[in-house]
Amino acid sequence: MSESVLNVNNLEVNIKSSKGTFPVLENISFNINKGEIVGLVGESGCGKSMTSLAIMGLLPNQAKWTKGEITLSSKQLQSLSPEEMRKLRGNQLAMIFQDPMTSLNPVLTIGYQLIESIKLHLQYPKAKAKTYAIDLLTKVGLSRADKLIYQYPHELSGGMRQRVMIAMALVCNPTLLIADEPTTALDVTIQAQIIDLLKELNKKEGTSILFISHDLGLVHDLCDKVFVMYAGEIVEQATVQELFDNPQHPYTKGLIQSLPLPEKKKERLYSIPGTVPGIHDRGQNCRFSSRCPHVTEHCTTHHPSQIQISKTHVVHCFLSEKGGTTSG
């Protein structure tokens, strides 16, 4: 049996607004095993980034963890103090954010920021920390790292800044690396390089990765298994092969159908009609019912249960009840 690195069980996060308190995440459950790359996919507003912030212990002030457990290598994160969580972040748990320009200090050199992180976490003296910083920058594919450490973030391209962020995340060789849409602002060539780098880190270091994206094409190329998120819930989970060969949820099918493929170059690109319901508009029905081409009256008044399609494939959809086994 594979060793579990991260286990999220029935996570619920509420958010406070002028209209009251509403759940932004509900019944989120998944696990990541040692050495696995797991994709978390869905449109903007589905709750992907909020899930990552809950794991990191970085929820915004108006958001509150109200239910569930998150366990990282036998540590229950909800029971840790803020100081203990700070020690965990950067050591066992690290995150690469979508936009490195908002994560790097614009008035400090790349080297200073990386060296300070190394000194803080590893207690290295300055000279040793500098050598290690250069090694890390070289490791993530940046040339002339000994000169690069004296440059500022604005002097680097988007792809170079993202590599610096990956180097900073790898300072302590974390057990779990969360990558929150790390290629969104990059062109296709640089995207491919970052994906290859993540694959290499996973293979050489055995780092488990939670890869958050709205791009199923990238997820197909990188991940071992996939969790599809919609309106604060996980609606389907499967190995990447099962998900693409036999998608069950209409939302998953819509995402796959939206992929721009070479054989579709003469066709109009498909898009799922409508938008993700806001936190104020989520009832006890199937949350995809207002956009689903297969909706029935039952879907508009009931919430779907979990259907087991196979040992590794689960979906929450009434359409799958005949072909699967209801559980929960």
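Residues numbered from 1 in each chain as written. Predicted model: local features only at pLDDT ≥ 70, side-chain atom pairs only at ≥ 80, totals over all residues. Heavy atoms only, no water.

J.: It is not clear to me how the UniProt feature "domain: ABC transporter" (unreviewed entry) in the protein should be interpreted in this structure. Could you clarify?
T.: Those places that UniProt annotates as "domain: ABC transporter" (unreviewed entry) correspond, in this numbering, to residues 6-256. Across residues 6-256, the secondary structure splits into 40% helix and 28% strand, with the terminal C-alpha atoms separated by 27 Å. (UniProt positions renumbered as here; feature names shortened; annotations may be inferred. Helix = DSSP H or I, 4+ residues; strand = E, 2+ residues; numbered from the N terminus.)

J.: Looking at this structure, how should I read the domain arrangement of the protein?
T.: Each assigned domain of the protein is listed with its residue range as follows: domain 1 (4-92 + 172-322) and domain 2 (103-171). Just the C-alpha atoms count here: the centres of domain 1 and domain 2 sit 30 Å apart. Taken together, the 16 residues of domain 1 in the interface contact 12 residues of domain 2. When residues of domain 1 are sorted by the area they lose upon contact with domain 2, Cys 172, Leu 197 and Leu 201 head the list and together hold 37% of the total. (Domains from an automatic or database assignment. Contact = heavy atoms within 4.5 Å. Buried area = accessible area lost by both parts, 1.4 Å probe.)

J.: I would appreciate a short explanation of the packing of helix H4 (residues 110-122) against helix H5 (residues 126-139) in the present structure.
T.: In helix packing, the relevant descriptors are the interaxial angle and the interaxial distance, both defined with respect to the helix axes. Running from N to C, H4 and H5 point in directions that differ by 115°, and their axes come no closer than 9 Å. At the point where H4 passes H5, the crossing takes the right-handed sense. Facing H4, whose interface residues are Ile 110, Leu 114, Ile 115, Ile 118, Lys 119 and Leu 122, H5 presents Lys 126, Ala 129, Lys 130, Tyr 132, Ala 133, Leu 136 and Leu 137. Looking at side-chain class alone, the contact of H4 with H5 contains 10 nonpolar, no polar and 3 charged residues. (Axes fitted to C-alpha atoms, helices over the stretch in contact; angles between N-to-C directions. Left-handed = near helix turned anticlockwise from the far one by under 90°. Nonpolar A, V, L, I, M, F, W, Y, C, P; charged D, E, K, R; others polar.)

J.: How should I be thinking about unusual backbone geometry in this particular structure?
T.: Most peptide bonds are trans, and most residues other than glycine sit at a negative phi. Positive phi is not limited to glycine here, since Asn 27 has a value of about 50°. Positive phi is not limited to glycine here, since Gln 123 has a value of about 55°. Structurally, the position occupied by Gln 123 is in the loop between H4 and H5.

J.: What is the right way to read helix H11 (residues 250-257) from this model?
T.: Side chains that are three or four residues apart share a direction in an α-helix, a result of its 3.6 residues per turn. Across the 8 residues that make up H11, a large majority, 6, are buried. Taken together, the buried positions of H11 are Pro 250, Tyr 251, Thr 252, Gly 254, Leu 255 and Ile 256. On the buried face of H11, the contacting elements are helix H9 (216-222), strand S9 (225-230), strand S10 (233-239) and helix H10 (240-245). (Buried < 20%, exposed > 50% of the residue type's maximum accessible area, 1.4 Å probe, protein only.)

J.: Where do I start with the packing of aromatic side chains in this structure?
T.: For any pair of aromatic rings, geometry is given as the distance between the ring centres together with the angle between the planes. In the structure shown here, the tally under the stated rule is 5 aromatic pairs. The interplanar angle of 55° and the centroid separation of 4.6 Å between the aromatic rings of Tyr 230 and Tyr 251 together place this pair among those described as tilted. In this pair, Tyr 230 sits in strand S9 while Tyr 251 sits in helix H11, placing the two residues 21 residues apart along the sequence. Connected via pairs of aromatic rings, a cluster forms that spans Tyr 230, Tyr 251 and Phe 288. The ring centre of Tyr 124 lies 4.3 Å from the NZ or CZ of Lys 128, which sits over that ring. (Phe/Tyr/Trp six-rings, centres within 6.5 Å; stacked < 30°, edge-to-face > 60°. Lys NZ or Arg CZ within 6 Å of the ring centre and 35° of its normal.)

J.: Looking at this structure, how should I read the nonpolar core?
T.: Soluble globular proteins tend to pack their nonpolar side chains together in the buried interior. Counting residues in each nonpolar core, the largest one holds 98 residues, and the members touching the most others are Phe 30, Leu 137 and Phe 211. Composition of this core by domain shows at least three residues from each of domain 1 (4-92 + 172-322) and domain 2 (103-171). (Core = buried A, V, L, I, M, F, W, Y, C linked by side-chain atoms within 4.5 Å.)

J.: Would you take a moment to explain the sheet that holds strand S2 (residues 20-33) for this structure?
T.: Backbone-to-backbone hydrogen bonds pair the strands of a sheet. The strands run either parallel or antiparallel. Here 4 strands make up an open sheet; going across it, the order is S2-S1-S4-S5 and the pairing antiparallel. Looking at the sheet topology across the chains shown, the edges are occupied by S2 and strand S5 (75-76). For strand S1 (residues 4-17) and strand S4 (residues 63-72), the ladder comprises 8 bridges, and the chain directions are antiparallel. The residue bridging Val 8 from the neighbouring strand is Ile 70, located in S4. Lying on the sheet, helix H1 (residues 48-56) is in contact with S1, S2 and S4; it crosses S2 at an angle near 75°. (Pairing = 2+ DSSP bridges.)

J.: Which parts of the structure should I look at to understand the pattern of salt bridges?
T.: Should their charged atoms come close, side chains of opposite charge can pair. Within this structure, the stated rule accounts for 10 salt bridges. For Arg 287, the salt bridge goes to Glu 26, with nearest N and O atoms at 2.0 Å. Note that Arg 287 is positioned in the loop between H11 and strand S11 (307-310) and Glu 26 in strand S2, a separation of 261 residues in sequence. Accessibility classification places Arg 287 together with Glu 26 in one group, the buried group. Among the salt bridges present, the one from Lys 225 reaches Glu 36, with a minimum N-O distance of 3.3 Å. Here Glu 36 lies in the loop between S2 and strand S3 (37-41) and Lys 225 lies in strand S9, a separation of 189 residues in the sequence. Of the two residues, Lys 225 and Glu 36, both sit in the buried class. Among the charged side chains, a network of salt bridges with common partners joins Glu 26, Glu 233 and Arg 287. (Salt bridge = Lys/Arg side-chain N within 4 Å of Asp/Glu carboxyl O.)

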